[in-house]
Amino acid sequence: MNEHHFDAAVAAARSSYQGGGLPIGSALARGGRLLASAHNERVQQGDPTAHAEIACLRQAGRQSSYADTVLYTTLAPCAMCTGAILQFKIPTVVIGEAETFEGDLARLRQAGVEVTVLDNRECIELMGRFIGEQPQLWAEDIGE
Ligand SMILES: [Zn+2]
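The model shown is predicted, which means the values in this text are computed figures rather than measured ones.

Caption draft 1: Fine view of the packing of aromatic side chains. The final tally for this structure, using the stated rule, is two aromatic pairs. Each ring, one from Tyr66 and one from Phe88, has its centre 5.2 Å from the other, and the planes form 45°; the classification is tilted. One end of the pair, Tyr66, is in the loop between helix H3 (52–60) and strand E3 (69–75); the other, Phe88, is in the loop between helix H4 (79–87) and strand E4 (92–97), with 22 residues separating them in the sequence. In this structure Tyr66 comes out as buried when scored by relative accessible area, which is 9%. Seen from their ring centres, Phe101 and Trp138 are 5.7 Å apart, and the 90° between their planes marks the pair as edge-to-face. Of this pair, Phe101 sits in the loop between E4 and helix H5 (105–110) while Trp138 sits in helix H7 (residues 135–141), placing them 37 residues apart in sequence. Note on Phe101: relative accessible area 17%, which makes it buried.

Caption draft 2: Structural context of the environment of Tyr72. When you line up the elements, Tyr72 lands in strand E3. The spacing of Tyr72 and Ala8 is 64 residues in sequence and 8.8 Å in space, taken between C-alpha atoms. Those residues in contact with Tyr72 that sit more than four places away from it in its chain are Met1, Asn2, His5, Phe6, Ala9, Gly25, Ser26, Ala27, Ala29 and Val94. At 2.7 Å, the side chain of Tyr72 and the backbone nitrogen of Asn2 are in polar contact.

Caption draft 3: Region of interest: unusual backbone geometry. Positive phi outside glycine occurs at Lys89, with the angle close to 55°. Turning to its location among the elements, Lys89 is positioned in the loop between H4 and E4. The class for Lys89 is exposed, based on a relative accessible area of 65%. You will see that Asp119, though not glycine, has its phi angle at about 50°, which is positive.

Caption draft 4: Highlighting the packing of helix H1 (residues 3–18) against helix H6 (residues 121–133). At their nearest, the axes of H1 and H6 sit 11 Å apart, and the two run at 20° to each other. Taken as axis vectors, H1 and H6 run roughly parallel relative to one another. Seen along the crossing, H1 lies across H6 with a hand that is left-handed. Contacts between H1 and H6 involve Phe6, Val10, Ala13, Arg14 and Tyr17 from the first element and Glu122, Cys123, Leu126, Arg129, Phe130 and Glu133 from the second. Here the residues of the contact of H1 with H6 are counted per class, giving seven nonpolar, no polar and four charged.

Caption draft 5: Spotlight on the packing of H3 against H4. Between H3 and H4, the least distance of the axes is 9 Å, while the angle of their chain directions is 35°. Where H3 abuts H4, its residues Glu53, Ile54 and Leu57 lie against Met80, Cys81 and Ala84. Considered class by class, the residues forming the contact of H3 with H4 number five nonpolar, no polar and one charged.

Caption draft 6: Here's a closer look at H3. Of all nine residues that make up H3, seven are buried, and the element is covered over most of its length. Check the buried side of H3 and you find it contacts strand E1 (25–30), strand E2 (33–39), E3 and H4.

Caption draft 7: Representation of the pattern of salt bridges. Scanning the entire structure with this criterion turns up five salt bridges. A salt bridge links Asp141 to Arg42; the shortest N-O distance between them is 2.4 Å. Highlighted residues: Asp141 in helix H7 and Arg42 in helix H2 (residues 42–45), separated in sequence by 99 residues. Residue Asp141 is classed as buried on the basis of its relative accessible area, which comes to 7%. The class of Arg42 is buried, set by a relative accessible area of 6%. Here Arg58 makes a salt bridge to Asp47, at a shortest N to O gap of 3.6 Å.

Definitions and cut-offs
- Residues numbered from 1 in each chain as written.
- Predicted model: local features only at pLDDT ≥ 70, side-chain atom pairs only at ≥ 80, totals over all residues.
- Heavy atoms only, no water.
- Phe/Tyr/Trp six-rings, centres within 6.5 Å; stacked < 30°, edge-to-face > 60°.
- Helix = DSSP H or I, 4+ residues; strand = E, 2+ residues; numbered from the N terminus.
- Buried < 20%, exposed > 50% of the residue type's maximum accessible area, 1.4 Å probe, protein only.
- Contact = heavy atoms within 4.5 Å.
- Polar contact = N/O pair within 3.5 Å; in protein donor to acceptor, adjacent residues only side chain to side chain.
- Axes fitted to C-alpha atoms, helices over the stretch in contact; angles between N-to-C directions.
- Parallel < 35°, antiparallel > 145°, perpendicular 65-115°, else oblique.
- Left-handed = near helix turned anticlockwise from the far one by under 90°.
- Nonpolar A, V, L, I, M, F, W, Y, C, P; charged D, E, K, R; others polar.
- Salt bridge = Lys/Arg side-chain N within 4 Å of Asp/Glu carboxyl O.

Fair warning: the whole summary comes from geometry, so function is off the table for now.
So this is what it looks like as structure tokens:
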């Protein structure tokens, strides 16, 4: 867990919110190096699969291995993003919060992924504010 890398994910979430999108950010790091950070771009790009984690993996480009990477995300990953984490065998995931959306952390843990949930107040507040303001946009994001 690297505070600066997590902060990059939170900054991306904030920036997305300010741009009218979903306030969810993600960052991918290897060792002390930040490979990429990105935010959910579903509204901005009109792309239903552009969740923060997927946008971040795209931004980082091809990696020959994810064995030594850490994925940071401000919100518990959905089923699609959980699938991507398992697909690329990302061993460590640090999550800002799992209160506004609980995801399926059991699935990640069962697959041997090290999952840390920070219960970060800013992430909870930002997501809570967004869901209150744009309930339909949020429902669309999680396929409900
Ligand atoms: Zn997702």
